[in-house]
Amino acid sequence: MSDETHPEDPEGAGAPEWRNFYGRRAGKTMRPSQKSYLSEDLETLRPFGVTAEENPARELLDLSTVFGDARPVWLEIGFGGGEHMVHMAATYPEVGIIGCEPFINGVAMLLGKIRAAGVSNLAVHPGDVRELFDVLPEGSIAKAFLNYPDPWPKRRHHRRRFVTQDHLVPLHRALAPGAEFRVATDIPDYMRQTLEEVPKAGFLLEEHGPTAWKDWISTRYEKKALREGRVPDYATFRRL
Ligand SMILES: C[S@@+](CC[C@H](N)C(=O)[O-])C[C@H]1O[C@@H](n2cnc3c(N)ncnc32)[C@H](O)[C@@H]1O
């Protein structure tokens, strides 16, 4: 949580302007198998033209070229180890799911799971979701998932949370009217901010409580939260 980027060294692989990213981009050493997933699979699963290096004019993506047809496209923000994304891809083969995750060890874990599950309806942006927001056509996403976002518990860090207008306004723009936006968290104060901020960005709260969605699968962070005695909380919003 410490490698803040610097204006003169803009990590973020081509953000159009400098953006802070406070999370981790790499962790402990990867297994040789995980390195081979990254070198062999990522290039074909990565939508071309998300980074400013590849697409300095920030032309909008044509999502039908990402999945080969005009299927509905869903978005998972910060997929971690990828268990929810792969589960959703297997459950809904008629949909395409784009996942974003700047933590490269998580990307490698996802790629291993994609191989094991044999799913072919996923695309992976190994970076910040804000880069993707820049190039997603308006109304192009039919559903979005935010599972266990980084909690940033200190009050002075609350503005780093995903559920701030800086993130929610571009998310709203990318979502189609009527699209569902799901948020899961184990941090009561994160849910408080979610319930306050998401409606301000143009979403209607549909459901909120301790019962998970019927097609939910528990993620790594949820399992950790349960082991440590924290209680999952789920909210469903509808984009107006
Ligand atoms: C607490 S983890 C949860 C991971 C996973 N969703 C789960 O439930 O196990 C939050 C994840 O969000 C990712 N993340 C943070 N900021 C992000 C951003 N701007 N774009 C995409 N992912 C981000 C982090 O790298 C981290 O893996």
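Residues numbered from 1 in each chain as written. Predicted model: local features only at pLDDT ≥ 70, side-chain atom pairs only at ≥ 80, totals over all residues.

Looking at an unreviewed UniProt entry, one finds the protein named tRNA (guanine-N(7)-)-methyltransferase and attributed to Frigidibacter mobilis. Taken verbatim from the UniProt record of the protein, the Pathway (unreviewed entry) comment is "tRNA modification; N(7)-methylguanine-tRNA biosynthesis." (UniProt positions renumbered as here; feature names shortened; annotations may be inferred.)

**Student:** When you look at the environment of Arg-239 in this model, what are you seeing that I'm missing?
**Tutor:** In this fold, Arg-239 is placed in strand S7 (residues 233-239). A tally of 24 C-beta atoms within 10 Å means that Arg-239 is categorised as buried. Setting aside chain neighbours within four positions, we find Arg-239 in contact with His-172, Leu-175, Pro-177, Gly-178, Ala-179, Phe-181, Gly-202 and Phe-203. (Helix = DSSP H or I, 4+ residues; strand = E, 2+ residues; numbered from the N terminus. Buried ≥ 20, exposed ≤ 12 C-beta atoms within 10 Å, placed from the backbone. Contact = placed C-beta atoms within 7 Å.)

**Student:** Honestly, the UniProt feature "binding site: substrate" (unreviewed entry) in the protein in this entry has me stumped. Any pointers?
**Tutor:** Under the present numbering, the feature "binding site: substrate" (unreviewed entry) in UniProt falls on Lys-154, Asp-186, Thr-219, Arg-220, Tyr-221 and Glu-222. Taken together, the annotated residues stretch across 69 residues and extend over separate regions, lying up to 23.8 Å apart by C-alpha. By the element assignment, Asp-186 lies in the loop between strand S5 (175-185) and helix H8 (188-200). Take Asp-186: there are 19 C-beta atoms within 10 Å of it, and that puts it in the partly exposed class. If we ignore the near neighbours within four places in the chain, the residues touching Asp-186 are Tyr-148, Ala-225, Arg-230, Val-231, Pro-232 and Asp-233. Residue placement: Arg-220 occurs in helix H9 (residues 220-227). Given 16 C-beta atoms within 10 Å, Arg-220 falls into the partly exposed group. Among residues more than four places away in sequence, those in contact with Arg-220 are Gly-80, Gly-81 and Glu-83.

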